[in-house]
Amino acid sequence: MRKLITKLLKKILPRHITDLLIKIVHYKQIQILKKLEFNYHKNTKFLGSDYGGWSFINNNLLENKFVISAGLGEDASFDVELISRYNCKILTVDPTPRAIEHYNEIIENIGKKNTESYKVGGKQNISSYNLLDVNKENFILINNALYNVDDKEIKFYAPPNKKHVSYSINNWQNNYKETPNFINVKSITVKSILDKFNIKHLEMIKLDIEGAAAEVIKDMLEKKIFPNQILVEFDELNKISKLSIERFFDVHNIILSNNYRLVKTSSKFPDFLYLRSNF
């Protein structure tokens, strides 16, 4: 997302204005990072494309386990590589129309080897995925919006740029305001997913859900669901404001108070990795 915004700014604004805006954004990001205490872990690993990839802790506890991966979009590189490496069962949660279409195209091509490398940007060609180990039993789509309440019809707001795929519940991309472009989707909670698939312990959850991560994480921890690894993009920090900073630090402190620590990774801002302290 950040790379795409920078590219767009360079097209429509004079160079000196663009450079100034980028410096201001980077300064704000650095100020946030300075307030955080990072821990180092020798087994951090990155899987996936530059755009859709994630850092996590590499260990054999992931083998044959369920992983909730919320926010598919049009880049399933992380999910596909997790399946190939650990034989994980990926529950990908995304109700957006283009994400569902992308998932269906993947399923239509299961068993095929990749014939090209990942593209730059957020839309991957199906032929860039190695789908030899992917099947309908280990890559399952849940076409609901992950949230802190079940079976509620909620507004899913379209991004202001029609080229972008990700919709948002709180509409942070439009400054948290009501806008006329949205679709209605049904919500689901982490607990309901665990119950449906009879999952006793969740090894990892990945959240790239356009501003809803705070509500989902709070609800999950309140219900005593403690994944060993929480991978989360705090999307709201892509558009830094007083509200987005307050929301981030609120949920960040809640995570830490539930016996997690923040791990230093090579992932792009604002992607973070939290590790259960007894892990």
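Structure: above.
Residues numbered from 1 in each chain as written. Predicted model: local features only at pLDDT ≥ 70, side-chain atom pairs only at ≥ 80, totals over all residues. Heavy atoms only, no water.

(A) The arrangement of the side chain of Asn258 in detail. With respect to the secondary-structure elements, Asn258 resides in the loop between helix H7 (242-257) and strand S11 (260-263). Overall, the relative accessible area of 19% leaves Asn258 in the buried class. In contact with Asn258, other than residues within four places in its own chain, are Leu221, Phe226 and Arg276. (Helix = DSSP H or I, 4+ residues; strand = E, 2+ residues; numbered from the N terminus. Buried < 20%, exposed > 50% of the residue type's maximum accessible area, 1.4 Å probe, protein only. Contact = heavy atoms within 4.5 Å.)

(B) Quick peek at the pairing of strand S10 (residues 229-233). For S10, the buried fraction is high: five of the five residues fall into the buried class. Of the two faces of S10, the one holding Gln229, Leu231 and Glu233 and the one holding Ile230 and Val232 are both buried throughout. Crossover strand S9 (residues 204-207) to S10 through helix H6 (residues 213-222) is right-handed. Taken together, the five bridges between S10 and strand S12 (residues 271-276) define a ladder with antiparallel strand orientation. Bridge pairing links Gln229 to Leu275 in S12. (Right-handed = clockwise from strand over helix to strand, strands pointing away. Pairing = 2+ DSSP bridges.)

(C) Molecular detail of the packing of aromatic side chains. For the structure on display, the rule yields 10 aromatic pairs. Centre to centre, the rings of Phe66 and Phe197 are 6.0 Å apart; their planes meet at 50°, and the pair counts as tilted. With Phe66 in strand S3 (residues 66-70) and Phe197 in the loop between helix H5 (190-196) and S9, this pair connects stretches of sequence that are 131 residues apart. Residue class for Phe66 comes out partly exposed when judged on its relative accessible area of 22%. The exposure class assigned to Phe197 is partly exposed, which follows from its relative accessible area of 21%. Geometrically, the ring pair formed by Tyr157 and Phe182 is edge-to-face, given 5.8 Å between the ring centres and 65° between the ring planes. (Phe/Tyr/Trp six-rings, centres within 6.5 Å; stacked < 30°, edge-to-face > 60°.)

(D) Region of interest: unusual backbone geometry. Residues Phe269 and Pro270 are joined by a peptide bond in cis, for which omega reads 5°. As for its placement among the helices and strands, Pro270 is situated in the loop between S11 and S12.

(E) Inspection of the packing of H6 against H7 at higher detail. At a closest axis distance of 10 Å, the pairing of H6 and H7 adopts a crossing angle of 25°. Judged on the interaxial angle alone, H7 and H6 are roughly parallel. Viewed along their axes, H6 and H7 form a crossing whose handedness is left-handed. Across the interface between the two elements, Ala214, Glu215, Ile217, Lys218 and Leu221 from H6 touch Arg247, Asp250, Val251, Ile254 and Ile255 from H7. (Axes fitted to C-alpha atoms, helices over the stretch in contact; angles between N-to-C directions. Parallel < 35°, antiparallel > 145°, perpendicular 65-115°, else oblique. Left-handed = near helix turned anticlockwise from the far one by under 90°.)

(F) Up close: the sheet that holds strand S7 (residues 153-157). Within the open sheet, the three strands sit side by side as S6-S8-S7. Their pairing is mixed. At either end of the open sheet lies a strand with only one pairing partner, and these are strand S6 (145-146) and S7. Relative to strand S8 (residues 182-188), S7 is paired through five bridges, and the arrangement is antiparallel. The residue of S8 that forms the bridge with Ile154 is Val185.

(G) Region of interest: the pattern of salt bridges. What the rule picks out here adds up to 10 salt bridges. One network of salt bridges, in which partners are shared, links Glu74, Arg98 and Lys123. (Salt bridge = Lys/Arg side-chain N within 4 Å of Asp/Glu carboxyl O.)

(H) Focus on the environment of Arg261. Relative to the assigned elements, Arg261 resides in strand S11. Look at Arg261 and you get partly exposed, because its relative accessible area is 22%. On a C-alpha basis, the gap between Arg261 and Glu37 in space is 8.5 Å, while along the polypeptide they are 224 residues apart. Those residues in contact with Arg261 that sit more than four places away from it in its chain are Asn39, His41, Leu256, Leu273, Tyr274, Leu275, Arg276, Ser277 and Phe279.

(I) Main features of the sheet that holds S12. Read across the open sheet, the seven strands follow the order S5-S4-S3-S9-S10-S12-S11; overall the sheet is mixed. Two strands bound the open sheet, and with one partner strand each, they are strand S5 (139-142) and S11. Neighbour-to-neighbour, the strand axes of the sheet open up by a mean angle of 20°, direction not taken into account.

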